[in-house]
Amino acid sequence: MFSLKDRKLAQDIVSKIKKSDVKLKFMHVCGTHQDTLVKHGLDVLLRNCGIEIGQGPGCPVCVTTPMEIEEMLLLARKGKTVTSFGDMINVPGETQSLRSMKEEGCDVRTVYGIEDAVDIAKNNKDLDVVFMAVGFETTAPTTASVLLRDPPSNFSILCCHRTIPEALRAIIKMGEIKINGLIEPGHVSTIIGTKPYEFLSKDYHVPQVITGFEPIDLLMGAWMLVQQIEKDEASVENEYTRVVHENGNIKAKQVIKKVFKPMDIKWRGFPVIPKSGLTLRDDFEKYDARKKYEIELEELKDKELMEPEGCKCGELLRGLASPFECPLFGQACTPETPVGPCMVSIEGCCNIEYRYSEK
Amino acid sequence: MCLAIPGKIIEIDKNKEHAAVDYGDGTKRKVNVTLVEVKVGGYVLVHAGFAIEVLNEKEAQETLDLFREMLSSEEGT
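Treat the numbers as computed from the prediction; the structure is a model and nothing was measured.

Each value, and the rule that gives it
- Residues numbered from 1 in each chain as written.
- Chains lettered and ligands numbered in written order.
- Predicted model: local features only at pLDDT ≥ 70, side-chain atom pairs only at ≥ 80, totals over all residues.
- Heavy atoms only, no water.
- Helix = DSSP H or I, 4+ residues; strand = E, 2+ residues; numbered from the N terminus.
- Buried < 20%, exposed > 50% of the residue type's maximum accessible area, 1.4 Å probe, protein only.
- Disulfide = S-S within 2.5 Å.
- Domains from an automatic or database assignment.
- Contact = heavy atoms within 4.5 Å.
- Buried area = accessible area lost by both parts, 1.4 Å probe.
- Salt bridge = Lys/Arg side-chain N within 4 Å of Asp/Glu carboxyl O.
- Polar contact = N/O pair within 3.5 Å; in protein donor to acceptor, adjacent residues only side chain to side chain.
- Nonpolar A, V, L, I, M, F, W, Y, C, P; charged D, E, K, R; others polar.
- Core = buried A, V, L, I, M, F, W, Y, C linked by side-chain atoms within 4.5 Å.
- Pairing = 2+ DSSP bridges.
- Axes fitted to C-alpha atoms, helices over the stretch in contact; angles between N-to-C directions.
- Parallel < 35°, antiparallel > 145°, perpendicular 65-115°, else oblique.
- Left-handed = near helix turned anticlockwise from the far one by under 90°.

Thoughts on the overall build of chain B
Okay, step 1: For chain B, the count of helices and strands is one helix and five strands.
Okay, step 2: Mapped from its N terminus to its C terminus, chain B presents α and β elements in the order β-β-β-β-β-α.
Okay, step 3: Overall, chain B is about 55 × 25 × 25 Å in size when its C-alpha atoms are taken along their principal axes.
Okay, step 4: Buried residues in chain B amount to 42% of all 77 residues.

Written out as structure tokens, the structure reads:
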């Protein structure tokens, strides 16, 4: 329907990049970008042109912290009906996952989106239904829209929404990795538009290109970054013009603003990142599972939670390692027996590498 | 998570909150359309049960031409 296929054009882009004779490191923050890169061998193709492209913290399930996972598990253990996107169910907590708890009889249900979770609450007034609200700016408006439509009082959310631009600032400021350019996520940008990234170019002189998800989009995105670097420029360019508009989706931005306010939040593998999370505004507190079930969650207060032993998800999410550098990858850690979330989620870099290396 | 799939609007509910979307592979689903302005026959990008943007087929088709133009203009500089 909207497929972009033109082999000759792809070859032209690659030969232009090759001619530039560069040695660069780019970061993207989207599992769908990583999927396209690995599935079509573009990561290898670009490496041969002098460009390393790695996935940063661009997987909502992966950046969810061990504490948020334990909150979700504890609510299920305390008899709540926990609903979540499919990936979350397999993320291992300290001793269990939602899947293992479901097998033990806890009420855990996979949903396609938040509206399915609300329907469960509407049709089962005797159940306390909690939706695990993970996701970046792409997903946050779906949560906000539902909360603005007065869902039933037996429905609440465990809010884990996070926002991308401030996380990118954190990566750059931490300085652990030199990033020559950023491939910005197409569908986050569909919502927020092009402007929220501008400070990164202005303050840190980082070139950025908002990029689509076809192979040709990613090649074009890489070439546009090379162009900026060769001219010593740093700005936000939009390669995905067929979907992303300068101001984003204004309605979606409005509903996010009505329901949420920014908050400081920890990301897996990172310290607390200022203003990189979303929390419910006071008017929507009644839907905040952390407030509603404060007593049930009390035992997690001040609890120290560790990353799984040997797991390199934290370093992977900061762009410091590749899945192949993790001793657990494909051995102790597989999609069937995941140790860390990057192997669980279909957007996690380990899961993606594992899936395509099998084929 | 940020995966979004294009689909065609087949029918819009009376309350205009939901629409039936055809993904072109025989799959049809009810989608919330409150974040976008839609009409029957139009295309949308769907994420987690919500249409998050309207797709413009003409713009999509022009993308490749735009890329070719960008590559050739770079040659001239």
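The discussion continues.
Structural notes on the state of the cysteines
All names here are of chain A.
Okay, step 1: Under the definition given, this model contains one disulfide over all chains.
Okay, step 2: Through a disulfide, C59 is tied to C62; the S-S separation comes to 2.2 Å. Taking the sign of the S-S torsion, about 65° here, the bridge from C59 to C62 comes out right-handed.
Okay, step 3: C159 provides the cysteine sulfur closest to C160, a residue in no disulfide bond, and the two sulfurs are 6.6 Å apart.
Okay, step 4: The class of C160 is buried, set by a relative accessible area of 2%.
Okay, step 5: For the unlinked cysteine C350, the closest cysteine sulfur is that of C349, found at 4.4 Å.
Okay, step 6: Under the relative-accessibility criterion, C350 is labelled buried at 7%.

Details of the domain arrangement of chain A
Residues and elements named next belong to chain A.
Okay, step 1: The assigned domain composition of chain A is domain 1 (4-60 + 164-238) and domain 2 (61-163 + 249-300).
Okay, step 2: For domain 1 versus domain 2, the distance between C-alpha centres works out to 30 Å.
Okay, step 3: Across the contact, 16 residues belong to domain 1 and 22 residues belong to domain 2.
Okay, step 4: Each partner contributes to the roughly 1,500 Å² buried at the junction of domain 1 and domain 2, and carbon and sulfur atoms together form 72% of this total.
Okay, step 5: Applying the counting criterion to the domain 1 and domain 2 interface returns zero salt bridges.
Okay, step 6: On inspection of domain 1 and its partner domain 2, the count reaches 11 residue pairs in polar contact (both at pLDDT 80 or more).
Okay, step 7: Along the lines of polarity and charge, the residues of the side of domain 1 that touches domain 2 split into 12 nonpolar, three polar and one charged.

Looking at the nonpolar core
Residue and element names in this part refer to chain A.
Okay, step 1: If you look at the biggest cluster of nonpolar residues, it comprises 105 residues, and the most contacted ones within it are F131, F155, I157 and F260.
Okay, step 2: Domain assignment of the residues forming this core places at least three in each of domain 1 (4-60 + 164-238) and domain 2 (61-163 + 249-300).
Okay, step 3: Once residues lying within four places of it in the same chain are set aside, the contact partners of I157 are I114, V130, F131, A133, T143, L147, L280, Y287, D288 and A289.
Okay, step 4: Core analysis: the next-biggest nonpolar cluster, separate from the first, contains 29 residues, L9, A10, L37 and I216 among them.

A few points about the interface of chain B and chain A
Okay, step 1: Counting from both sides, the interface comprises 37 residues of chain B and, opposite them, 49 residues of chain A.
Okay, step 2: When the two sides are added together, the surface that chain B and chain A hide from each other amounts to roughly 3,800 Å², 66% of it contributed by carbon and sulfur.
Okay, step 3: Linking chain B to chain A there are nine residue pairs in polar contact (both at pLDDT 80 or more).
Okay, step 4: Of all the elements in the fold, those that place two or more residues in the side of chain B that touches chain A are β3 (28-32), β4 (43-47), β5 (50-55) and α1 (57-76) of chain B.
Okay, step 5: Broken down by element, the side of chain B that touches chain A gets its largest block of residues, 12 residues, from α1 of chain B.
Okay, step 6: Looking at the side of chain B that touches chain A residue by residue, the class counts come to 21 nonpolar, seven polar and nine charged.

Brief notes about the sheet that holds strand β8 (residues 208-211) of chain A
By way of backbone hydrogen bonds, the strands of a sheet pair with one another, either parallel or antiparallel.
All names here are of chain A.
Okay, step 1: Ordered by their spatial adjacency, five strands build an open sheet running β2-β1-β7-β8-β9, and the pairing between neighbours is parallel. Bordering the open sheet on either side are β2 (51-55) and β9 (236-238), each of which pairs with just one other strand. Sheet twist, expressed as the mean angle between neighbouring strand axes with direction ignored, is 25°.
Okay, step 2: Pairing analysis gives four bridges linking strand β7 (residues 181-185) to β8, with the strands arranged parallel. Each residue of the ladder has a partner; that of I183, found in β8, is V209.
Okay, step 3: Of the strands in this sheet, β1 (24-28), β2, β7, β8 and β9 touch helix α12 (residues 215-230), which is tilted by about 165° from β8.

Looking at the packing of helix α1 (residues 7-20) of chain A against α12 of chain A
Residues and elements named next belong to chain A.
Okay, step 1: For the pair α1 and α12, the least separation of the axes is 10 Å and the interaxial angle reads 30°. Classed by the angle they form, the pair α1 and α12 counts as roughly parallel. Pair α1 / α12 crosses with left-handed handedness. Along the contact surface, α1 presents L9, A10, I13, V14, K16, I17 and S20, while α12 presents I216, L219, M220, A222, W223, V226 and E230.
Okay, step 2: In terms of residue class, the contact of α1 with α12 is built from 11 nonpolar, one polar and two charged.

Describing the environment of V38 of chain B
Residue and element names in this part refer to chain B.
Okay, step 1: By the secondary structure assignment, V38 is in the loop between β3 and β4.
Okay, step 2: On the accessibility criterion, V38 (23% relative accessible area) is partly exposed.
Okay, step 3: When the C-alpha positions of V38 and F50 are compared, they lie 12 Å apart, and in sequence the two are 12 residues distant.
Okay, step 4: If sequence neighbours within four positions are ignored, V38 has contacts with I9, I12, V33, V44 and V54.

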